[in-house]
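Architecture and fold: a report
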Number of protein chains: 2
Amino acid sequence: MAKQAAKKQYALGVDYGTNSVRALIVDVADGREVGTHVFNYKAGKDGILLDPKDPNLARQDPADYINGFFASVKGALRQAAKVRGFKPEQIVGIGVDTTGSTPIPVDRDGVALAMKPEFKKDMAAYAWLWKDHTSHAEAAEITEKASRDPAGYLTKCGGTYSSEWYWSKILHCCRTSPKVFKAAYSWIEQADFIPAFITGNTDPDTMPRGICAAGHKCMYHEDWGGLPSKPFLAGLDPKMADLRDRYAAPAIPADQTAGHLTAAVAKKVGLPAGIPVAVGAIDAHLGAVGAGIKPGALVKIIGTSTCDMMVVPMTGKELDVPGLCGIVPGSIVPGMYGIEAGQPAVGDIFNWFTSHLAPAEFTAKGDVHVNLTKAAQKLSPGQSGLLALDWNNGNRSILVDPLLSGLLVGQTLHTTAPEVYRALVEGTAFGALTIIKRIEECGAEVNEVINCGGIAEKNAFVMQIYADVCNRPMKISRSAQTCALGAAIFGAVVGGAYKTTEAAQKKMTGVKPTVYRPNKAAAKIYADLYPLYRALHDAFGTANAQAKLGHVMKELIAIREKTRK
Amino acid sequence: MAKQAAKKQYALGVDYGTNSVRALIVDVADGREVGTHVFNYKAGKDGILLDPKDPNLARQDPADYINGFFASVKGALRQAAKVRGFKPEQIVGIGVDTTGSTPIPVDRDGVALAMKPEFKKDMAAYAWLWKDHTSHAEAAEITEKASRDPAGYLTKCGGTYSSEWYWSKILHCCRTSPKVFKAAYSWIEQADFIPAFITGNTDPDTMPRGICAAGHKCMYHEDWGGLPSKPFLAGLDPKMADLRDRYAAPAIPADQTAGHLTAAVAKKVGLPAGIPVAVGAIDAHLGAVGAGIKPGALVKIIGTSTCDMMVVPMTGKELDVPGLCGIVPGSIVPGMYGIEAGQPAVGDIFNWFTSHLAPAEFTAKGDVHVNLTKAAQKLSPGQSGLLALDWNNGNRSILVDPLLSGLLVGQTLHTTAPEVYRALVEGTAFGALTIIKRIEECGAEVNEVINCGGIAEKNAFVMQIYADVCNRPMKISRSAQTCALGAAIFGAVVGGAYKTTEAAQKKMTGVKPTVYRPNKAAAKIYADLYPLYRALHDAFGTANAQAKLGHVMKELIAIREKTRK
């Protein structure tokens, strides 16, 4: 027994989400969790700094990231210490994932400007959270200029550059907060900021930059020699050009070592110094790894928002899929193309409804989601006559347009709150189906859908609707913490426990026995509803589309009447 | 004093609404109210018989009409008795208005089938309330057949025959309830049923039929010799043709006498027998009379639904206005064309929202409408980024289509209940403006808008938005009971107190000193929003329209951002 325990190897994954950071210690042999701890960010509302005058603004305090690392890792180690034979020395490697694109302006030494007293009150100096949409004008400008550039910068990010991404945010800062822009020697993605900090490798000129954020968010691609050219950046603003030089190329995948844990950080959390730390990546991508992504398997991370991930072997021609957020070599599983898509609000839409439009009947007692679900579950597909677009926070895939909004159609004088709630769930499912269809149109077959994230874990009602709307079985990842597990997998790889990501995944990931299978009758009705969703989608989401919508309300009523009979 | 009191003359108006009946006794000299009483119908929910399986069904119990007459008139007389010198003998005439089209199947003697034991349980035997929409398929069929008929039956009702109207309902009964259809010797509009009952003139073959319901709801017009021809009715169903013979032509206006109060009814309520009773008319039309309608003045009755009325002097060519519910000689003010339009749900939409989607914050204490209004009043036009179509109960004018539904666009993750509430109010105001524009397009100038009904009376918030959206002053009728007052005006005319309706109106009606005047800044923003409303209106409301809607969400966001700055 003692000998066996001595051989044990563990990996640490640290997963930075939108509102909190989670540390997770897993057994590299089978992915079994032995210790975890969550630290909720302190700044702002649920960790997000907001501006009541501008619903597009969402920033974070980098101090929360640093304090969150210490607190979450210490907490996870405390819990693991209860496991017989566990010793901190058995942790062979550390992996990190974060939200993204969440660029942080830093000084010449890689210190976040927000942590310097002179910028304490300047929101532009903080981390620009992925869901900050203040830069939509700049995104449109970048899209316009990049589309005219012969380098083809947009071919790998679906043809449209997003307001959520690196260059849009930096350009917006350049235009609106010149003081911060001038003081920022470089801008660092959160996924690179954390490994840099814990390995002490904080010089912006030399710190490793992960291919995942670089490729999906920063228009980095080897086809055009890395980041966009200096003339291109200067065309946005002459002051932007120098940023290209302060960026270590080439960007590298997460199976590479970013550095080793510094003595100072190690001491603070109670780990030995020198543990190898993997290059950071974006949470969704490592979530896909933790969920067991492989060719043919679509991984959906369903929480407040949704990320959809695929990997495609690097054989033959690289895919260009219009409307997806990115296709980047090695961004998910090293050695394969990573494809990313997503919906910018899913659980957030349900939460919006329960916070603002659910009557007392459903909020007075117990959990409002449970109460509404109970009532909504009794409804048949089509019975309400309602149809919703899932764009309350814009559309990421396949329209890549933050300047869109929610839409609900089909209301009568009898429409109830559970009916609207169900329609909102169905709207997000139609959005999910639209992404699957686009991926398949472009030649990547989707043979399997593995779901993870809070909603996939907990919400059978939503998952059954997804199965029915998409008319495919919905599998659920075995781990409830796929992002942190994915990070730990790369910790295991850089720590030498496995030679390849695939080998680590094979041992450390899996799906649950419960699978949501499509109900035939429901799937048939949703197949009638989807063209109506698509008609709204195309009419409202495409600039100059000539649409016929005169049939939409009538068909919704006809389906409703048929269902009620 | 005693002599003066002895000369006093009063008129009684009896106003049958959707949920209750009101009797009103007024001084014919100045319209002053001396006694009133409301009787709430007993049957069903708020007086309406519903079918949980079919939201389109809405029926009423004719027994409520009869019991309601007795109770309301007795109550009004009780109250008037407190006025010094008042005597029931001073009532010179009685007028009646009702909802419509609300046809009632009756036997050979004019007795409502629903009041006979053998039909007690058959919903088809009851009164088919105006807002019953079960007959939409029949309405479409009638529209289709009438549009091909050279008689031009649809030219006076806006080109589309409604599911709310007489022949649609009768044809639906013929198709779905043959037993009731066979037992029905004739079908009588509620507006004719009440005068028939209280004057004892109940023979369907000879009882007077009012031009108001006949012209606006039953395709009655002198141009084609009254009701549609027997071949046309037989073309709908051979069994329908005979109904044309069981209908006394010509239909006549409300300044004519329908008969005199029977001794039995008089005794029951405490009035002398023999008082002249005016021909009945539809509530909205008499409401317009009570509000002081005259050429150039649009009267809006704003309650659960809205009716819009105009009168046009009978000089020159008769107007044909596409999309209005009807243009009928003498239907409002005898001697002028009466024009009717409307919105099938206004207050009903606000009530739907407060019943189903208002959170506890607004429902827990006090009146939910007051609470939401307080919050919604603080918002500027355009600030929410929301836009609503007011079609939760279909669209009467200018689309004449019950198979439409509500629509809300512009939701974010921050959209609040007061924002939605305000957007719904604005949606109904845009609907109101669409009607005004259509009337003016067809050559009838709208110089003045006089509002009445519950919302006009009580809701300054809604009325200010109507003023701002329509960019016109909104006047409010002096009387809060314009329908009952309009009925009383015709009571005064048939009772000999005045020679003409206009002369009676001049003395008995007026507007309040308070006028809602448009705010210039608000009107400017609404002028930017209206084209977006209209784009949705035309796209969803027109069968084969090619619409461009890609700008709608973007312009709503742009207006929102401009307003918030």
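Quantities reported herein were computed from a predicted structural model and do not represent experimental measurements.

**Some remarks on the overall build of chain A**
Secondary structure summary: chain A contains 20 helices and 21 strands in total. Its C-alpha radius of gyration of 23 Å places chain A within 12% of the 24 Å reference for a compact globule of 565 residues. Dimensions along the principal axes, computed over C-alpha positions, put chain A at roughly 70 × 65 × 50 Å. Within chain A, the proportion of its 565 residues that are buried is 65%. Taking contacts inside chain A between residues at least 6 apart in sequence as the whole, the part at least 24 apart equals 72%.

**What to know about the environment of Ala81(A)**
Note on placement: Ala81(A) falls in the loop between α2 (62-80) and β6 (91-98). When the C-alpha positions of Ala81(A) and Val34(A) are compared, they lie 8.6 Å apart, and in sequence the two are 47 residues distant.

**A short note on the sheet that holds strand β18 (residues 406-411) of chain B**
Spatially, β17(A)-β18(A)-β18(B)-β17(B) is the arrangement adopted by the four strands of the open sheet, whose pairing is antiparallel. On the outer flanks of this sheet lie β17 (387-389) of chain A together with β17 (387-389) of chain B, each paired with one strand and no other. Mean inter-strand twist for the sheet, computed between neighbouring axes without regard to direction, equals 10°. Across five bridges, strand β18 (residues 406-411) of chain A lies against β18(B) in antiparallel orientation. Pairing of Leu407(A) across the sheet is with Val409(B), part of β18(B). Helix α19 (residues 520-541) of chain A rests against β17 and β18 of chain A of the sheet, and its axis sits at about 35° to β17(A).

**Quick look at the pattern of salt bridges**
Pairing between side chains becomes possible if they bear opposite charge and their charged atoms approach one another. Counted by the stated rule, this structure contains 50 salt bridges over all chains. Ionic pairing is found between Asp107(A) and Lys116(A), a salt bridge with its closest N-O pair at 2.7 Å. Owing to a relative accessible area of 9%, Asp107(A) belongs among the buried residues under this scheme. Given the relative accessible area of 23%, Lys116(A) is considered partly exposed. With its nearest N and O atoms 2.5 Å apart, the salt bridge here joins Asp27(B) to Lys8(B). On the criterion of sequence distance, the pair formed by Asp27(B) in strand β2 (residues 20-27) and Lys8(B) in the loop between α1 (2-7) and β1 (10-16) is long-range, its members being 19 residues apart. A single salt-bridge network, built from bridges that share partners, covers Lys230(B), Asp242(B), Asp245(B) and Arg246(B).

**Comments concerning empty space enclosed by the protein**
If a probe the size of a water molecule is rolled over the atoms, the empty space left behind becomes visible. Taken as a whole and assessed by the stated rule, the structure comprises eight cavities of 30 Å³ or more. For the largest cavity, the calculated volume is near 180 Å³. Leu357(A), Leu408(A), Gln411(A), Leu408(B) and Gln411(B) are the residues nearest the centre of the largest cavity, which is lined by 22 residues in total. Within the lining of the largest cavity, the residues separate by chemical class into 16 nonpolar, six polar and no charged.

**Observations concerning the packing of helix α14 (residues 417-441) of chain A against α19(A)**
All names here are of chain A. Close contact between α14 and α19 brings their axes to 10 Å; oriented N to C, the two are set at 80°. Between α14 and α19, the crossing angle belongs to the class labelled roughly perpendicular. Across from Arg422, Glu426, Gly427, Phe430, Gly431, Leu433, Thr434, Lys437 and Arg438 in α14, the residues of α19 making contact are Tyr526, Leu529, Tyr530, Tyr533, Arg534 and His537. Its residues placed into classes, the contact of α14 with α19 shows six nonpolar, four polar and five charged.

**So, the confidence of the model for chain A**
All names here are of chain A. The share of residues in chain A with pLDDT of 70 or more is 98%, and the mean pLDDT across the chain is 95. Low pLDDT, under 50, characterises residues 1-6; the predicted model gives this stretch three contacts beyond four residues in sequence or across chains. Predicted complex, confidence summary: ipTM 0.85, pTM 0.85.

**Description of the relation of the copies chain B and chain A**
Mapping chain B onto chain A is achieved by rotating through 180° and translating by 0.0 Å along the same axis, at an RMSD of 0.0 Å. Expressed as an axis order, the relation between the two copies is that of a two-fold axis. Both copies contact each other with a shared surface, as 100% of the interface residues of chain B are interface residues in chain A too.

**What about the side chain of Lys217(B)?**
All names here are of chain B. Residue placement: Lys217 occurs in helix α7 (residues 211-217). Among the polar contacts listed, one links the side chain of Lys217 to the side chain of Glu340, at a separation of 3.2 Å. Discounting residues that sit within four places of it in the chain, Lys217 has contacts with Gly100, Ser101, Tyr161, Trp165, Tyr166, Glu189, Ile282 and Glu340.

**What about the pairing of strand β19 (residues 448-452) of chain A?**
Residues and elements named next belong to chain A. For β19, a buried count of five out of five residues is recorded, marking the element as mostly surrounded by other parts of the structure. With burial as the criterion, each face of β19 is covered, one bearing Glu448, Ile450 and Cys452 and the other bearing Val449 and Asn451. One ladder, built from five bridges, connects strand β13 (residues 297-302) with β19; its direction is parallel. In the strand pairing of β19, Leu298 is matched with Val449. As defined by bridge partners, β19 adjoins strand β20 (residues 474-477) across two bridges and the pair is classed as parallel. Its bridge partner lying in β20, Ile450 is registered against Lys475.

**Considering the interface of chain B and chain A**
Contacts between the two partners involve 54 residues from chain B and, on the opposite side, 54 residues from chain A. Taken over both partners, the interface formed by chain B and chain A buries close to 4,600 Å², and the fraction arising from carbon and sulfur atoms is 58%. Of all residues in chain B, the largest losses of buried area upon contact with chain A belong to Leu413(B), Phe540(B) and Met553(B), amounting jointly to 17% of the total for that side. Joining chain B to chain A, the criterion identifies two salt bridges. Between Asp401(B) and Lys554(A) there is a salt bridge, with the nearest N and O atoms lying 2.5 Å from each other. Joining chain B to chain A, the criterion identifies 20 residue pairs in polar contact (both at pLDDT 80 or more). For the side of chain B that touches chain A, the elements supplying multiple residues, two or more each, are β5 (54-60), α11 (347-356), α12 (360-363), β18, α14 (417-441), α19 (520-541) and α20 (552-564) of chain B. With seven residues, the top contributor of residues to the side of chain B that touches chain A is α20(B). A class-by-class count of the residues in the side of chain B that touches chain A yields 29 nonpolar, 18 polar and seven charged.

**Points about the side chain of Ser135(A)**
Residues and elements named next belong to chain A. Its location among the elements puts Ser135 in the loop between β8 (127-128) and α3 (136-148). The exposure class assigned to Ser135 is buried, which follows from its relative accessible area of 0%. Beyond its immediate stretch of four places on either side in the chain, Ser135 contacts Trp128, Ser163, Ser168, Lys169 and His172.

**Some thoughts on a positive patch on the surface**
Residue and element names in this part refer to chain A. A cluster of basic residues, Lys74, Arg78, Lys82 and Lys268, forms a positive patch on the protein surface. The residue Lys268 is located in helix α9 (residues 263-269) in this model. Take Lys268: its relative accessible area is 48%, and that puts it in the partly exposed class.

**Some details on the sheet that holds strand β21 (residues 511-516) of chain B**
Residues and elements named next belong to chain B. Read across the open sheet, the seven strands follow the order β15-β16-β14-β13-β19-β20-β21; overall the sheet is mixed. Edge positions in the sheet fall to β15 (326-329) and β21, since each has one partner strand and no second. On average, adjacent strands in this sheet sit at an angle of 25° to one another, irrespective of strand direction. Contacts from α14 reach β13 (297-302), β14 (306-313) and β16 (336-343) within the one sheet, and its direction differs from that of β16 by about 150°. The sheet contacts of helix α16 (residues 460-470) involve β13, β19 (448-452), β20 (474-477) and β21, and relative to β20 the element is tilted by about 140°.

**Concerning the packing of aromatic side chains**
Where two aromatic rings form a pair, the distance of their centres and the angle of their planes describe that pair. All names here are of chain A. As enumerated under the stated definition, the model contains 37 aromatic pairs over all chains in all. Between the aromatic rings of Phe430 and Tyr526, the centroid separation amounts to 5.9 Å while the plane-to-plane angle is 75°, which identifies the pairing as edge-to-face. With Phe430 in helix α14 and Tyr526 in helix α19, this residue pair connects regions lying 96 residues apart in the sequence. Each residue in the set Phe350, Trp352, Phe353, Tyr421 and Phe461 is aromatic and connected to the rest through ring pairs, giving one cluster.

Cut-offs and rules
Residues numbered from 1 in each chain as written. Chains lettered and ligands numbered in written order. Predicted model: local features only at pLDDT ≥ 70, side-chain atom pairs only at ≥ 80, totals over all residues. Heavy atoms only, no water. Helix = DSSP H or I, 4+ residues; strand = E, 2+ residues; numbered from the N terminus. Rg over C-alpha atoms; globule rule 2.2 N^0.38 Å. Buried < 20%, exposed > 50% of the residue type's maximum accessible area, 1.4 Å probe, protein only. Contact = heavy atoms within 4.5 Å. Pairing = 2+ DSSP bridges. Axes fitted to C-alpha atoms, helices over the stretch in contact; angles between N-to-C directions. Salt bridge = Lys/Arg side-chain N within 4 Å of Asp/Glu carboxyl O. 1 Å grid on protein atoms, 1.4 Å probe; cavity = no way out; pocket = protein on both sides within 12 Å on 5 of 7 lines; lining within 4 Å. Points joined across faces, edges and corners; volume = space filled by probe spheres on them. Nonpolar A, V, L, I, M, F, W, Y, C, P; charged D, E, K, R; others polar. Parallel < 35°, antiparallel > 145°, perpendicular 65-115°, else oblique. pLDDT = per-residue confidence, 0-100. Least-squares fit on C-alpha atoms with pLDDT ≥ 70 in both. Polar contact = N/O pair within 3.5 Å; in protein donor to acceptor, adjacent residues only side chain to side chain. Buried area = accessible area lost by both parts, 1.4 Å probe. Patch = residues over 30% accessible without salt bridge, like charges linked within 9 Å, V, L, I, M, F, W, Y side chains within 5 Å. Areas by Shrake-Rupley, 256 points an atom, 1.4 Å probe, with all protein chains shown as cover. Lys, Arg positive; Asp, Glu negative; His and termini not counted. Charge placed at Lys NZ, Arg CZ, Asp CG, Glu CD. Phe/Tyr/Trp six-rings, centres within 6.5 Å; stacked < 30°, edge-to-face > 60°.

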